[in-house]
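Listed below are the residues making up each chain.
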Amino acid sequence: MTITTMETRGTVVFPENFVWGAATASYQIEGAAKADGRGPSIWDTFSATPGKVREGDTGEVACDHYHRYRDDVALMKDLGLNAYRFSVAWPRIQPTGSGAANQAGLAFYDRLVDTLLEAGIAPYVTLYHWDLPQALEDLGGWTSRDTSYRFADYAAIMYDRLGDRVSHWTTLNEPWVSAFLGYGNGVHAPGRTSAHDALRAAHHLLLGHGLAASALRSAGAEEIMLVVNSAPVLTPAQVNDPSAAVSEADAAAAHRVHALLTRQFLDPALLGRYPEEVLEAAERNGGTAHVLDGDLEIINAPIDLVGVNYYNPCVVEDGPGLPADAAWPGSEGVRFATVEAPVTAMGWPIVPSGLSRLLVRLSQDYPRVGLMVTENGAAFDDVVEDGRVHDDARLGYLEGHLRAAHEAIEAGADLRGYLVWSLLDNFEWAEGYGRRFGVVHVDYTTQARTLKDSALWYRDVISRNGL
Ligand code: FCB
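We now turn to the structure provided with this report.

Calculation notes
- Residues numbered from 1 in each chain as written.
- Predicted model: local features only at pLDDT ≥ 70, side-chain atom pairs only at ≥ 80, totals over all residues.
- Heavy atoms only, no water.
- Core = buried A, V, L, I, M, F, W, Y, C linked by side-chain atoms within 4.5 Å.
- Buried < 20%, exposed > 50% of the residue type's maximum accessible area, 1.4 Å probe, protein only.
- Helix = DSSP H or I, 4+ residues; strand = E, 2+ residues; numbered from the N terminus.
- Contact = heavy atoms within 4.5 Å.
- Polar contact = N/O pair within 3.5 Å; in protein donor to acceptor, adjacent residues only side chain to side chain.
- Expected span 1.5 Å × (residues − 1).
- Near = heavy atom within 4 Å.
- 1 Å grid on protein atoms, 1.4 Å probe; cavity = no way out; pocket = protein on both sides within 12 Å on 5 of 7 lines; lining within 4 Å.
- Sits in = over half its atoms within 2 Å of the grid points.
- Points joined across faces, edges and corners; volume = space filled by probe spheres on them.
- Nonpolar A, V, L, I, M, F, W, Y, C, P; charged D, E, K, R; others polar.
- Pairing = 2+ DSSP bridges.
- Axes fitted to C-alpha atoms, helices over the stretch in contact; angles between N-to-C directions.
- Phe/Tyr/Trp six-rings, centres within 6.5 Å; stacked < 30°, edge-to-face > 60°.
- Salt bridge = Lys/Arg side-chain N within 4 Å of Asp/Glu carboxyl O.

**Things to note about the nonpolar core**
Point 1. In terms of nonpolar packing, the biggest core is built from 154 residues, with Trp43, Tyr128, Trp169 and Leu359 touching the most fellow members.
Point 2. The element contributing the most residues to this core is helix 9 (residues 195-219), with eleven residues.
Point 3. Once you skip the residues sitting within four places of it in the chain, Leu359 turns out to touch Val308, Leu371, Val373, Ala405, Ala408, Ala413 and Leu415.

Now the structure itself:
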């Protein structure tokens, strides 16, 4: 089935029980970096290092959600959210990444979960959204196999504490980003720059996922999800014309990058094997000695859902003689192209049809799991005027992508829900606070929250279960 047209208007109704929600992540919103025994994470270290984050911003205060979570849950209730995806800061639970749990840290997530449940909002807990305890990084971080085992211990601690009230568990958020921006091009914490380290980190993240998934399952978890940053890999011509002809060389480039971006994680997790392209990349960059016998069986632990974070397509073409990009070991001979499309404040092209293509493809390639859009959204330069934020561009972005998601459902994708990124403006990693993704505006001086027009619109979408 190919998606060639986009619905641009008209009524669209989503399936019954479709889950509507919003997502955030601990380091991006919590602040309270030293409160109640929290240990330092790699993002505290990285953001305190001059030159790593725009304007020298850090997550030390962020949206102060640690103290304002009740008000934030009240906002979610007001918007009618069914689900809230948040992450747990591992260094609040185990300040040095191993050993006994810090009760004060656990108590925060207890309070948050109870407040959500009282508001009728289902908690979707992500165990790892990039804030690795610094003490584990000092021992090698994700390049060390031991970190995978520490992660599974931490997952068990969290289930033990919240499992009586939380049904939806995610192991990792975007392991590609953790591995290849964290250890490959160094744009994210811990800021290392080695293809070999990045490939080892990717494998140990997967191993940690598998070990944690098994630990959660045997403890009784109802639903387990792995969240990936995925994107259709297109040639420049395909961006605006999905049926555009593609040369053999361009098709080969796209095929390889798809293996590096998406299949590197979903093939091991769901099919129990690595794509050849990934093994070849590892062979050319220090070897595969870190992949031990039995690892793929561990990684292939049964899960229920794949979460898809989609922002824009990945656009490539044949680039004879080009070296591999630092974030893409194995991409020799590929050119990462720019495209003719409107862009967000991040410079990311706006291509809603990419979401339907992606969802349809994933549901065909991995038919045994359900799908959820766990992040989708856009940064724009919002301004508050008379207590309002007229963020028409964001609203248009969201509407286009919801229509694309609906098209994918009509084309057979088993899509269970949609979570907007993000509930709040927040600390956008290396971009700091200058990039606003929230449907709720945050004034970082006063911590005042203002619902943007997109939030008011999203509330209507949820109440109608459609557009
Ligand atoms: C994703 C991250 C999320 C947020 C968005 C914009 O890669 O998971 O934390 O930064 O991008």
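On we go.
**Description of the side chain of His441**
Point 1. Position of His441 among the secondary structure elements: in strand 12 (residues 440-442).
Point 2. Relative accessible area serves as the criterion here: at 7%, His441 is assigned to the buried category.
Point 3. Within polar-contact distance, the side chain of His441 engages the side chain of Arg436 at 3.4 Å.
Point 4. Residues in contact with His441, not counting those within four places in the same chain, are Asp382, Val384, Val389, Asp425, Arg436, Ala448, Arg449, Thr450 and Lys452.

**A short note on helix 15 (residues 392-410)**
Point 1. Along its 19 residues, helix 15 runs 27 Å from first to last C-alpha, staying within 8% of the 27 Å computed at 1.5 Å per residue.
Point 2. When you tally the buried positions in helix 15, you get 14 out of 19 residues, the bulk of the element.
Point 3. Where helix 15 ends, the next residue or the one after it, Gly412, has phi of about 110 degrees, a positive value.

**Overview of the site of the ligand**
Point 1. Every residue lining the ligand is accounted for by Gln28, His129, Trp130, Asn173, Glu174, Asn309, Tyr311, Glu375, Trp421, Glu428, Trp429 and Phe437.
Point 2. A distance of 2.8 Å is found between an oxygen atom of the ligand and a side-chain nitrogen or oxygen belonging to His129.
Point 3. Within the side chain of Trp429, a nitrogen or oxygen atom sits 2.9 Å from an oxygen atom of the ligand.
Point 4. Assessed atom by atom at 2 Å from the grid points, the ligand resides in the largest pocket.

**Comments concerning the layout of surface pockets**
Point 1. As a volume, the largest pocket reaches approximately 1,200 Å³.
Point 2. Lining the largest pocket are 42 residues, with Trp176, Val177, Leu181, Asn312 and Trp348 sitting closest to its centre.
Point 3. For the lining of the largest pocket, the elements supplying multiple residues, two or more each, are helix 8 (175-180) and strand 8 (314-318).
Point 4. Of the residues contributing to the lining of the largest pocket, the split by class is 25 nonpolar, eleven polar and six charged.

**A look at the sheet that holds strand 10 (residues 370-375)**
Point 1. The strand order around the closed barrel formed by eight strands is 1-2-3-4-5-7-10-11, and the pairing between neighbours is parallel. If you compare each strand with its neighbour and ignore which way they point, the axes differ by 25 degrees on average.
Point 2. Of the strand pairs in this sheet, strand 2 (residues 83-87) and strand 3 (residues 122-128) are connected by five bridges, and their pairing is parallel. Note on strand 3: the bridge partner recorded for Phe86 is Val125.
Point 3. Each of strand 1 (19-23) and strand 11 (415-421) touches helix 15; the most contacted strand, strand 11, lies at about 165 degrees to it.
Point 4. Packing of helix 16 (residues 453-464) onto the sheet brings it into contact with strand 1 and strand 11, and relative to strand 1 it is tilted by some 155 degrees.

**Thoughts on the environment of Trp20**
Point 1. Tracing the chain through its elements places Trp20 in strand 1.
Point 2. The spatial distance from the C-alpha of Trp20 to the C-alpha of Asn82 is 5.4 Å, given a sequence separation of 62 residues.
Point 3. With residues near it in sequence (within four places) discarded, Trp20 still touches Phe14, Leu81, Asn82, Ala83, Leu402, Tyr418, Leu419, Tyr458, Val461, Ile462, Asn465 and Gly466.
Point 4. Side-chain polar atoms of Trp20 contact the side chain of Asn465, separated by 2.8 Å.

**Comments concerning the packing of aromatic side chains**
Point 1. Counted by the stated rule, this structure contains 35 aromatic pairs.
Point 2. Between the aromatic rings of Trp348 and Phe437, the centroid separation amounts to 6.0 Å while the plane-to-plane angle is 50 degrees, which identifies the pairing as tilted. One end of the pair, Trp348, is in the loop between strand 9 (334-336) and helix 14 (353-365); the other, Phe437, is in the loop between strand 11 and strand 12, and 89 residues separate them in sequence.
Point 3. Judged by its relative accessible area of 28%, Trp348 falls in the partly exposed class.
Point 4. Through successive ring pairs, a cluster of aromatic residues spans Tyr27, Trp43, Phe46, Trp130, Phe427, Trp429, Tyr433 and Tyr444.

**Some words on the sheet that holds strand 6 (residues 233-234)**
Across a sheet, strands are paired by hydrogen bonds formed along the backbone, either parallel or antiparallel in direction.
Point 1. Strand order in the open sheet formed by three strands is 6-8-9, with mixed pairing between adjacent strands. At either end of the open sheet lies a strand with only one pairing partner, and these are strand 6 and strand 9.
Point 2. Alignment of strand 6 against strand 8, held across two bridges, turns out to be parallel. Among the inter-strand pairings, Val233 is bridged to a residue of strand 8, identified as Cys314.
Point 3. Along the sheet, helix 11 (residues 248-271) makes contact with strand 6, strand 8 and strand 9, crossing strand 8 at roughly 135 degrees.

**Some points on the environment of Ile299**
Point 1. Among the structural elements, Ile299 can be located in helix 13 (residues 295-299).
Point 2. As a C-alpha pair, Ile299 and Arg200 span 99 residues in sequence and 14 Å in three-dimensional space.
Point 3. The residues contacting Ile299, other than those within four sequence positions of it, are His203, Leu206, Leu207, His209, Gly210, Pro268 and Ala269.

**Let's talk about the pattern of salt bridges**
Point 1. Per the counting criterion, the structure on display carries 33 salt bridges.
Point 2. The partner of Arg200 in a salt bridge is Asp197, and the shortest N-O contact between them spans 2.7 Å. Taken together, the positions of Arg200 and Asp197, both in helix 9 and three residues apart, correspond to about one turn of that helix.
Point 3. Accessibility expressed as a relative area gives 21% for Arg200, which makes it partly exposed.
Point 4. Residue Asp197 is classed as buried on the basis of its relative accessible area of 12%.
Point 5. Among the salt bridges present, the one from Glu399 reaches Arg403, with a minimum N-O distance of 3.0 Å. Taken together, the residues Glu399 and Arg403, both in helix 15 and four residues apart, mark about one turn of the helix.
Point 6. If you follow the salt bridges from partner to partner, you end up with Asp382, Asp391, Arg394, Asp425, Arg436 and Lys452 in one network.

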